[in-house]
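This is what each chain is made of:
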Amino acid sequence: MAAAQQLSHVWPLGTTVDERGHLILGGCDAVELAREHGTPAYVVVVDDVRARARAFVQAFAARCDDFEVTFASKAFPCTAVYRLLAGEGIGCDVAGGGELALALRGGFEPARITLHGNAKSEDELRFAREAGVGTVVLDSLHDLERLERVVAADGRGPQTVLVRVTPDVRGETHAGISTGQADSKFGLGLAAAADAIARAQASPHLQLDGLHLHIGSQLLELAPFREAVRAIAGLGDFRTYNLGGGLGVAYTADQRPPSIEDYVEAKVSAVRELLGPGRRIVDEPGRALVANAGVTLYTVETIKQNVSTWVGVDGGMSDNLRPMLYGARYEAVLADRAAAEPQATVKLTGKHCESSDVIVDGAALPTPHVGDVVATPVTGAYGHAMANNYNGALRPPIVFVERGEATVVVRRETYEDLYARDC
Ligand SMILES: Cc1ncc(COP(=O)(O)O)c(C=O)c1O
Ligand SMILES: N[C@@H](CCCC[NH3+])C(=O)O
């Protein structure tokens, strides 16, 4: 008999395989989780999220006095995740009114919330003001003018703002998630940023605290972060530098992203050496906080041989758009033979009416059977966040697992939910 495989480092903290070969997540048997909660389902290992939040905070605390780690909540916007990370004492970045509502419901102190958006509406700005959001990041001159009007009208005093700069620095990542290049929809180029800075400084309604930049997501090299800091150094002297997020994670066994420590060291040393001491550094990790904590469970519905072996499961691009949008690669295992030697290379495909709906192209699995539970790791970031109702799919539940206890924190949608918004 072939030797049992080891699970790779992409799985959540504490993941094991028991003596029967079952995948154990947060102390819970994945086969049982699928039976109890149905599939598809997102399972989140709570300790994994906590450990990464603490690693970010500790890495900064070891290197600087004045810093803030903020959760880029677009990666996983559900109340339970907000509550979990608010409990870790970090801040929160929201990308619009919906995320702001969830962050407040999840218990984030408004003063620790930063509002982003390249096309914020007046309603969203008013909502942020009424809630008492700590920082608004200005992304354009229209944004600046609109916020001035809102602040002038509400009489609540000046709003603390950052100006988002597009530094013309490109990190290596998929074009769809690269933001630091000059031709970007986000932020202001260096010349326009200088104008926005002057206008914000002159405005009685705005309190300019510093600059923001975010060069892109799923970055596996650190040098571009330093280049970005260098690029904005000439814009003036500010208290706060929010350097965005962007730290990549391992989706497959061959990927070795920088550690959280090395990432923080790269950013802190860039600020200290290129901008001088005494700056307040803000970091906005999204993916690196929550991606590896999440595992999606599916059930195999069909298997057929059409040149390739096509293994069809009960989810797909409605719960994980990343393979289709970015060509993202994932691993898969069978939950009841999690450490068994692979015997087949298959196309793990979703159930949607689209040929691009392939979750893993070339999944190495033991011989799969209809009814098997398949687990795909690293779905904690931008999975639930980008889930949708394509083909009337019902968005999956989110199940937190911790020390052998499973708790449903988001229920599965129902057909009633699909009808609910129809007039
Ligand atoms: C402004 C901003 N901050 C933070 C993030 C978080 O990025 P990541 O999930 O790559 O850490 C993003 C998304 O890329 C972003 O747009
Ligand atoms: N949705 C993207 C990340 C977007 C980053 C947000 N600025 C992904 O899944 O990789």
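Up top is the structure.
Residues numbered from 1 in each chain as written. Chains lettered and ligands numbered in written order. Predicted model: local features only at pLDDT ≥ 70, side-chain atom pairs only at ≥ 80, totals over all residues. Heavy atoms only, no water.

**Thoughts on helix H5 (residues 122–131)**
The set of residues buried in H5 consists of Leu-125, Ala-128 and Arg-129. All buried residues of H5 fall inside an arc of 100° around its axis, so they share one side. Residues of H5 that are exposed and point more than 90 degrees away from the buried face comprise Asp-123 and Glu-130. Each element contacted by the buried residues of H5 is listed here: helix H4 (97–105), strand S7 (113–115), strand S8 (135–138), helix H6 (141–154) and strand S9 (159–164). (Buried < 20%, exposed > 50% of the residue type's maximum accessible area, 1.4 Å probe, protein only. Helix = DSSP H or I, 4+ residues; strand = E, 2+ residues; numbered from the N terminus. Arc of directions from axis to C-beta. Contact = heavy atoms within 4.5 Å.)

**Focus: the pairing of strand S12 (residues 280–283)**
The side-chain alternation of S12 yields two buried faces, one formed by Arg-280 and Val-282 and the other by Ile-281 and Asp-283. Relative to S12, strand S5 (residues 67–72) is paired through 3 bridges, and the arrangement is parallel. When the bridges of S12 are listed, Val-69 appears paired with Asp-283. Direction of pairing for strand S11 (residues 240–242) relative to S12: parallel, over a ladder of 3 bridges. Within S12, the position partnered with Thr-240 by the bridge is Arg-280. For the crossover that starts at S11, traverses helix H9 (residues 260–275) and ends in the parallel S12, the hand is right-handed. (Pairing = 2+ DSSP bridges. Right-handed = clockwise from strand over helix to strand, strands pointing away.)

**What about helix H2 (residues 46–61)?**
Across its 16 residues, H2 extends 23 Å between first and last C-alpha, which sits within 8% of the 22 Å expected from 1.5 Å per residue. Among the residues making up H2, those that are buried are Val-46, Asp-48, Val-49, Ala-53, Phe-56, Ala-59 and Phe-60. (Expected span 1.5 Å × (residues − 1).)

**Here's the deal with the pairing of strand S14 (residues 308–313)**
Of the strand pairs in this sheet, strand S13 (residues 294–306) and S14 are connected by 6 bridges, and their pairing is antiparallel. Residue pairing for S14: Lys-304 is matched across the bridge by Trp-310. A loop of 1 residue connects S13 with S14, the two strands running antiparallel in sequence, and Val-307 in this loop sits at a positive phi of about 65°. Where S14 meets strand S16 (residues 344–349), 3 bridges bridge the pair, whose relative direction is parallel.

**Structural notes on the site of ligand 1**
The environment of ligand 1 is formed by 16 residues, the closest being His-214, Ser-217, Glu-284, Arg-287 and Tyr-382. Take Lys-74: an N or O atom from its side chain is 3.1 Å from an oxygen atom of ligand 1. In this structure, an oxygen atom belonging to ligand 1 sits 2.9 Å away from a main-chain N or O atom of Gly-286. Considering ligand 1 on its own, with 390 Å² of exposed area, one finds that the protein chains cover 93% of that surface. Assessed atom by atom at 2 Å from the grid points, ligand 1 resides in the largest pocket. Looking at the shell around ligand 1 residue by residue, the class counts come to 3 nonpolar, 8 polar and 5 charged. (Near = heavy atom within 4 Å. Polar contact = N/O pair within 3.5 Å; in protein donor to acceptor, adjacent residues only side chain to side chain. Areas by Shrake-Rupley, 256 points an atom, 1.4 Å probe, with all protein chains shown as cover. 1 Å grid on protein atoms, 1.4 Å probe; cavity = no way out; pocket = protein on both sides within 12 Å on 5 of 7 lines; lining within 4 Å. Sits in = over half its atoms within 2 Å of the grid points. Nonpolar A, V, L, I, M, F, W, Y, C, P; charged D, E, K, R; others polar.)

**Observations concerning the environment of Asp-336**
Relative to the helices and strands, Asp-336 resides in the loop between strand S15 (333–334) and S16. Put simply, Asp-336 and Val-374 are 38 residues apart on the chain and 8.7 Å apart in space, counted from C-alpha to C-alpha. Those residues in contact with Asp-336 that sit more than four places away from it in its chain are Arg-20, Gly-21, His-22, Val-31 and Asp-372. Polar side-chain contacts of Asp-336 include one of 3.3 Å to the side chain of Arg-337.

**Some remarks on the site of ligand 2**
Taken together, the residues surrounding ligand 2 are Lys-74, Ile-177, Ser-217, Arg-287, Arg-322, Tyr-326, Tyr-382 and Met-386. One of the side-chain nitrogen or oxygen atoms of Arg-287 is found 2.7 Å away from an oxygen atom of ligand 2. Note that an oxygen atom of ligand 2 is positioned 2.6 Å from one of the side-chain N or O atoms of Arg-322. For ligand 2, whose accessible area on its own is 310 Å², the fraction buried by protein is 85%. Counting atoms within 2 Å of the grid points, the majority share of ligand 2 lands in the largest pocket.

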